Amino acid sequence: MHLQSSTTEAADGTRLAYRTMGEGLPLVLANGLSTSDFFWHYLRPAWTRRHRVISWDYKGHGDSEPARTDAGTTIPALVDDMRRVMDAAEVERGVLIGFSMGCQVIAEAWRQMPDRIAGLVFLLGPAGRLFDTALRPVMGPGLQQLMQRLPSRLLPPVFGVARRMVKLPGTVTMGRWMRLYGRSTGMDIRRYVEHFERLDPHSVVQMALHGGKHDARDVLPSIDVPTLVVAGDRDVFAPSKTVGLPMHAAIAGARLLQIPDGTHGSLFEHPWIIGDAIDQLLLAVAEQTDAA
């Protein structure tokens, strides 16, 4: 099965890279901040046997260009990017699957283009403001304040230091100790480190700051398509008690997969459990589509 890579243009002129693979019900993937396709490494091969999978890189990530404007890094702008990717890939309607900050993107997509959405999967991320729940009580708010105060001219050297730090011996072990991911995660984190080298600092920081201000929780009660919420009890970025469980409660009829030892790396650590739950949701979407 052939992976097709293409580009399209964002509203601000930024070139966006996207990929399509497979045939069938379209699944449109929204990545987390500072991530790319490698987070779908375990799930995409199974999906492409029955579905058409569409993914794209946010501005300043992967193969996409750095954002040409700060306005192009807001959550609504990312939804417009998704719409343009869907148009370029000739996808009229599909299931949106968001990971981490991608959950904000697909929640906002429900506000902007509900007619393009056949189902929703919220994976380990919030619909509300990123730093309200991530790395609480100290690191999240502290990181947000640092990014707000840091002059743009200092971003490249700061990211340069961060790139050197993530390569140091013991970094992966420290991440496990901080519960950023579980013990079974190894090579997958190295893929993240490799991608970190390619990030555009200004684009990433602007998206993080916009994600820290954006709140789409108000749209959750209006969702009326098959929906799955995946939450990890050990997820320090999107804790199940303050993120996943309230989101599930807000969406009438939503399904819930709560993983007791799930961390923010559960796409690497529990892909088959998550994949089974998503497969069940996709069956419900197909049944609803056939009934219509």
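The structure under discussion appears in the preceding block.
All values derive from a computational prediction rather than experimental measurement. (Residues numbered from 1 in each chain as written. Predicted model: local features only at pLDDT ≥ 70, side-chain atom pairs only at ≥ 80, totals over all residues. Heavy atoms only, no water.)

Caption draft 1: Up close: the overall build of the protein chain. A tally of regular secondary structure across the protein chain gives twelve helices and eight strands. Taking all 292 residues of the protein chain together, the buried fraction comes to 56%. Put simply, 76% of the contacts in the protein chain that link residues at least 6 apart link residues at least 24 apart. Accessible surface for the protein chain amounts to roughly 12900 Å². Of this, 55% is attributable to carbon and sulfur atoms. (Helix = DSSP H or I, 4+ residues; strand = E, 2+ residues; numbered from the N terminus. Buried < 20%, exposed > 50% of the residue type's maximum accessible area, 1.4 Å probe, protein only. Contact = heavy atoms within 4.5 Å. Areas by Shrake-Rupley, 256 points an atom, 1.4 Å probe, with all protein chains shown as cover.)

Caption draft 2: Local environment of the side chain of Ser100. Mapped onto the elements, Ser100 comes out in the loop between β5 (94-99) and α3 (101-112). On the basis of relative accessibility, which here comes to 12%, the residue Ser100 falls in the buried class. Polar side-chain contacts of Ser100 include one of 2.9 Å to the side chain of His264. Setting aside anything within four residues of it in sequence, one finds Ser100 in contact with Gly32, Leu123, Leu124, Gly125, Pro126 and His264. (Polar contact = N/O pair within 3.5 Å; in protein donor to acceptor, adjacent residues only side chain to side chain.)

Caption draft 3: Helix α2 (residues 75-88), seen in detail. Counted at 1.5 Å a residue, the expected span for α2 with its 14 residues is 20 Å, and the 20 Å between its end C-alpha atoms agrees. Ile75, Ala77, Leu78, Val79, Asp81, Met82, Val85 and Met86 are the residues of α2 that are buried. (Expected span 1.5 Å × (residues − 1).)

Caption draft 4: Fine view of the pairing of strand β4 (residues 51-56). By the criterion of burial, β4 is predominantly enclosed, with six of the six residues buried. Going residue by residue along β4, you find His51, Val53 and Ser55 tucked away on one face and Arg52, Ile54 and Trp56 tucked away on the opposite face as well. Of the strand pairs in this sheet, strand β2 (residues 15-21) and β4 are connected by four bridges, and their pairing is antiparallel. Bridged to Arg19 within β4 is Ser55. As defined by bridge partners, strand β3 (residues 25-30) adjoins β4 across five bridges and the pair is classed as parallel. Across the sheet, the residue bridging to Pro26 is Arg52, located in β4. (Pairing = 2+ DSSP bridges.)

Caption draft 5: Spatial organisation of the nonpolar core. Counting 42 residues, the largest nonpolar core has Tyr58, Met82, Leu96, Leu120, Phe122 and Ile223 as the members making the most contacts within it. When residues in this core are grouped by element, the largest group, seven residues, is from α3. Within the second largest apolar cluster, 27 residues are counted, among which are Leu29, Phe268, Ile274 and Leu281. (Core = buried A, V, L, I, M, F, W, Y, C linked by side-chain atoms within 4.5 Å.)

Caption draft 6: Layout of unusual backbone geometry. Even without a glycine there, the phi angle at Ser34 is positive, about 70 degrees. As for its placement among the helices and strands, Ser34 is situated in the loop between β3 and α1 (44-47). Look at Ser100: it is not a glycine, yet its phi comes out positive at around 55 degrees.

Caption draft 7: Representation of the packing of aromatic side chains. Following the criterion strictly, the structure yields six aromatic pairs and no others. Look at Trp40 and Trp47: their rings are 6.0 Å apart centre to centre, the planes differ by 45 degrees, and that puts the pair in the tilted class. Trp47 carries the same exposure label as Trp40, and that label is buried. Plain terms: the ring middles of Tyr42 and Trp272 are 6.1 Å apart, the flat faces sit at 80 degrees to each other, and that makes the pair edge-to-face. Here Trp272 lies in helix α12 (residues 271-291) and Tyr42 lies in the loop between β3 and α1, a separation of 230 residues in the sequence. Judged by relative accessible area, which is 28%, Tyr42 ranks as partly exposed. Feature note: the residues Phe38, Phe39, Phe99 and Phe268 constitute an aromatic cluster, connected by ring pairs. (Phe/Tyr/Trp six-rings, centres within 6.5 Å; stacked < 30°, edge-to-face > 60°.)

Caption draft 8: Expanded view of the environment of Tyr58. One can find Tyr58 in the loop between β4 and α2. Placed 27 residues apart in sequence, Tyr58 and Asn31 show a C-alpha to C-alpha distance of 7.8 Å. A distance of 2.5 Å separates the side chain of Tyr58 from the backbone oxygen of Asn31, its partner in a polar contact.

Caption draft 9: Quick peek at the sheet that holds β4. With mixed pairing, eight strands are arranged side by side in an open sheet as β1-β2-β4-β3-β5-β6-β7-β8. Every interior strand has two partners, whereas the edge strands, β1 (4-9) and β8 (255-259), have only one. Looking at each pair of strands side by side, their axes are set apart by 20 degrees on average, direction ignored. (Axes fitted to C-alpha atoms, helices over the stretch in contact; angles between N-to-C directions.)

Caption draft 10: Layout of the environment of Ile278. Examined against the element boundaries, Ile278 turns out to sit in helix α12. You can call Ile278 buried: its relative accessible area is 0%. With near-sequence residues (within four places) excluded, Ile278 lies in contact with Trp47, Ile97, Val121, Leu123 and Leu228.

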